Amino acid sequence: MTQILRTRPTRDDWLAHPPRATVRPQLRPWLLDPGSLTARIRARCSHFEVRVIRQAPMRPHPDEAEVLGLRASDRAWLREVLLLADGEPVVYARSVLPRHNLRGAWRLFHGIGSRPLGAALFSDPRIVRQPLRCTRLDTRDARYHRAMHLMSGQLRLPASLWARRSLFRLRGRALLVSEVFLPTILNLAP
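Calculation criteria
- Numbering of residues begins from 1 in every chain and follows the order in which that chain's sequence is written.
- For this predicted model, a pLDDT threshold of at least 70 governs which residues receive local features, and a threshold of 80 or more governs which side-chain atom pairs are given and counted, while totals over whole chains, interfaces and linings are taken from all residues.
- Side-chain descriptors were evaluated using all non-hydrogen atoms of the structure, hydrogens and water having been removed beforehand.
- Within this document, salt bridges are pairs made up of a side-chain nitrogen of Lys or Arg and a carboxyl oxygen of Asp or Glu, the two lying within 4 Å of each other.
- Any residue under 20% of the maximum accessible area for its type is buried, any over 50% is exposed, and the rest in between are partly exposed; the area is computed with a 1.4 Å probe on protein chains only.
- Computed over the protein atoms alone on a 1 Å grid, cavities are sets of points where a 1.4 Å probe fits but cannot get out and pockets are open sets with protein on both sides within 12 Å along at least five of seven lines; a residue lines them when it has an atom within 4 Å of a point.
- Grid points are joined across faces, edges and corners, and a volume is the space filled by probe spheres set on the points.
- Secondary structure elements follow DSSP: runs of H or I of four or more residues count as helices, runs of E of two or more count as strands, with numbering from the N terminus.
- Here the term charged refers only to Asp, Glu, Lys and Arg, the term nonpolar to Ala, Val, Leu, Ile, Met, Phe, Trp, Tyr, Cys and Pro, and the term polar to all other amino acids, Gly among them.
- Pairs were defined over the aromatic rings of Phe, Tyr and Trp, the Trp ring being its six-membered one, requiring ring centres within 6.5 Å. Orientation was assigned from the angle between planes: stacked under 30 degrees, edge-to-face over 60, tilted for the rest.
- Two thresholds decide whether a charge sits over a ring: the Lys NZ or Arg CZ must be within 6 Å of the ring centre and within 35 degrees of the ring normal.

Asks: Talk me through the pattern of salt bridges; I want residue IDs and the actual numbers.
Replies: Side-chain pairs of opposite charge can arise where the charged atoms are in close proximity. Counting across every chain of the model gives 13 salt bridges. The partner of Asp74 in a salt bridge is Arg71, with the nearest N and O atoms 2.9 Å apart. In this structure Arg71 comes out as exposed when scored by relative accessible area, which is 58%. Put simply, Arg143 and Asp141 hold a salt bridge, and the shortest N to O gap is 2.8 Å. Across the pair, exposure class does not vary: Arg143 and Asp141 are buried alike.

In structure tokens:
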């Protein structure tokens, strides 16, 4: 029997609850908290910062395109940032917005710059967040490699990283936000 290896997560690989046996207990609250990740980090550090890595139209990963109802060839507006707590990167975040959603409902996304997206998302009562989903990213996933590249100054790089994502909807139009937790997140106070 031939075994087929998937080279990247599919929509089905994103779980409603992370398995207890494979997630460190200190990381579970970060993965499951439905509130603003920005607010959670800010409450646990003296200085919070958003470092913009890239904001540009690009092709989303296949599982992102699937969740957003896009074709594989479609381009979307992509925003990649690092969230820093007291100067230390703790989260690599990736937001994907279909280009046709950039006008109208989600126009705030275009000019957000280095302001935290979370603050804008949680301050507007019209924006509805769908349930969180999580997965473990490893060397088969481009997001893992991107996060590893951004953490290249660290001595010991992990074999995998946990991530969560959810869709935010405004007037029926979706924005996908994914957050990859770097090992340094565990340095923040519980």
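Asks: Break down empty space enclosed by the protein for me, citing the residues and quoting the values.
Replies: Counting across every chain of the model gives one cavity of 30 Å³ or more. The space that makes up the largest cavity amounts to roughly 200 Å³. If you trace the largest cavity, you find 19 residues lining it, with Thr38, Leu117, Gly118, Val177 and Glu179 closest to the centre. Per-element accounting of the lining of the largest cavity gives the leading share, four residues, to helix α4 (residues 117–123). Here the residues of the lining of the largest cavity are counted per class, giving eleven nonpolar, four polar and four charged.

Asks: Account for the packing of aromatic side chains, with residues named and values stated.
Replies: Under the definition given, this model contains two aromatic pairs. On the numbers, 6.5 Å between centres and 50° between planes, the contact of Trp30 with Phe181 is tilted. One end of the pair, Trp30, is in helix α1 (residues 28–32); the other, Phe181, is in strand β7 (residues 173–181), with 151 residues separating them in the sequence. By relative accessible area, Trp30 is classed as buried at 4%. The positively charged end of Arg40 is found above the aromatic ring belonging to Trp30, 4.5 Å away from the centroid.

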